[in-house]
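Observations on chain architecture
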Amino acid sequence: MDKEFNPALQFDAFTAGVDEGGLRSSSSITIIVCYILANCNEKITAQNIIDALVEGKIANYFEVSNSISKMISKGHIVENEDNTLSITDNGKFLVDIVENDLPYTIREKSIELVRKLAHLEINKKENRVTIEKKENGYAVTMHVSDDDSDFMVLTLNVPTEAQAVLIKDKFQQEPTKIYENLINSIFE
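Presented here is a report on the structure given in the accompanying data block. Predicted model, so just to flag it, every value in this text is computed and none were measured. (Residues numbered from 1 in each chain as written. Predicted model: local features only at pLDDT ≥ 70, side-chain atom pairs only at ≥ 80, totals over all residues. Heavy atoms only, no water.)

Let's talk about the overall build of the protein chain
- Assigned secondary structure in the protein chain consists of seven helices and five strands.
- Listing each helix as α and each strand as β along the protein chain from the N terminus yields α-α-α-β-β-α-α-β-β-β-α-α.
- Looking at the 188 residues of the protein chain, the share that counts as buried comes to 39%.
- Sequence-distant contacts, at least 24 apart, represent 53% of the contacts inside the protein chain between residues at least 6 apart. (Helix = DSSP H or I, 4+ residues; strand = E, 2+ residues; numbered from the N terminus. Buried < 20%, exposed > 50% of the residue type's maximum accessible area, 1.4 Å probe, protein only. Contact = heavy atoms within 4.5 Å.)

Structure representation (structure tokens):
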């Protein structure tokens, strides 16, 4: 008797940290990894995928890590020189065959989380922030950069380390939005 492939029916993955409705089979985790790479235009690292699926409580950390390693060794995924991942034609073929076996909400949530984390990682690399302890608090210096040059450097002084860290985190989420708001405020 032929069995139809359905990763949702094979509960063979570790599920620690996974919410109800998350992925509970190794094959479905492999499919979501390939699906993300096939459908995301951003430069994505293995860590972006792992963090997104764990943060979203979609899949277990060890299962996602293992899936990525297996897909690289089988040639379905390639790790590039800049540590980003790319899907091969074989990996795309896998996705085309079985992507609809994954719940639509899981597919969409995974893509959204990976894009958010990839965007944040790029912002952190391109727009650095330093926190310096001062006599009366902390100085948070934020750099909005384009390639190797800064086109804005802003330093804010705050009384507590918690405030400094909050400013750093908020800035790294949307540095261009902060820059645009500042420029708009100046020229209005």
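Examining the side chain of Gln 172
- Position of Gln 172 among the secondary structure elements: in helix 6 (residues 161-173).
- Each residue touching Gln 172, except ones within four places of it in the same chain, is listed here: Leu 120, Asn 123, Lys 124, Asn 127 and Val 129.

Topic: a nonpolar patch on the surface
- Where nonpolar side chains cluster on the molecular surface, the patch consists of Val 54, Tyr 61 and Phe 62 and spans about 300 Å² of accessible area.
- When you line up the elements, Phe 62 lands in helix 3 (residues 61-73). (Patch = residues over 30% accessible without salt bridge, like charges linked within 9 Å, V, L, I, M, F, W, Y side chains within 5 Å. Areas by Shrake-Rupley, 256 points an atom, 1.4 Å probe, with all protein chains shown as cover. Salt bridge = Lys/Arg side-chain N within 4 Å of Asp/Glu carboxyl O.)

Regarding unusual backbone geometry
- Positioned with a positive phi, Lys 57 is a non-glycine residue whose angle comes to about 55°.
- Summarising the element assignment, Lys 57 is placed in the loop between helix 2 (46-55) and helix 3.

Brief notes about the pairing of strand 4 (residues 137-146)
- By the criterion of burial, strand 4 is predominantly enclosed, with nine of the ten residues buried.
- With six bridges joining them, strand 3 (residues 129-134) and strand 4 adopt antiparallel strand pairing. When the bridges of strand 4 are listed, Thr 130 appears paired with Thr 141.
- In sequence, strand 3 turns back onto strand 4 through a hairpin of two residues. (Pairing = 2+ DSSP bridges.)

As for the nonpolar core
- Among the nonpolar cores identified, the biggest contains 30 residues, and Val 33, Ile 49, Leu 53 and Val 64 are the most heavily contacted of them.
- Taken together, the elements giving at least two residues each to this core come down to helix 1 (26-39), helix 2, helix 3, strand 2 (85-87) and helix 5 (104-126).
- Looking at which element gives the most residues to this core, the answer is helix 1, with eight residues.
- With nine residues, the next largest nonpolar core counts Tyr 138, Val 140, Met 142 and Phe 171 among its residues. (Core = buried A, V, L, I, M, F, W, Y, C linked by side-chain atoms within 4.5 Å.)

With respect to helix 6
- Taking 1.5 Å of rise per residue, the 13 residues of helix 6 would be expected to cover 18 Å, and the 19 Å separating its terminal C-alpha atoms lies within 8% of that figure.
- Listed in full, the buried residues belonging to helix 6 are Ala 164, Phe 171 and Gln 172. Projected down its long axis, helix 6 shows its buried positions confined to an angular sector of 95°, all on one face. Facing away from the buried surface of helix 6 by more than 90 degrees, the exposed residues are Ala 162 and Leu 166. (Expected span 1.5 Å × (residues − 1). Arc of directions from axis to C-beta.)

Focus on the packing of aromatic side chains
- Tallied over the entire structure, the rule returns two aromatic pairs.
- Where Tyr 61 meets Phe 62, the ring centres are 5.2 Å apart and the plane angle is 85°; that geometry is what we call edge-to-face.
- On the basis of relative accessible area, Tyr 61 is assigned to the partly exposed category, the value being 38%.
- Judged by centre distance (5.0 Å) and plane angle (85°), the ring pair of Phe 151 and Tyr 179 falls under edge-to-face. Taken together, the positions of Phe 151 in strand 5 (residues 149-158) and Tyr 179 in helix 7 (residues 175-187) put the pair 28 residues apart, joining distant regions of the chain.
- For Tyr 179, a relative accessible area of 24% puts it in the partly exposed group.
- The lysine or arginine in question, Lys 133, covers the ring of Tyr 138, its NZ or CZ lying 4.9 Å from the ring centre. (Phe/Tyr/Trp six-rings, centres within 6.5 Å; stacked < 30°, edge-to-face > 60°. Lys NZ or Arg CZ within 6 Å of the ring centre and 35° of its normal.)

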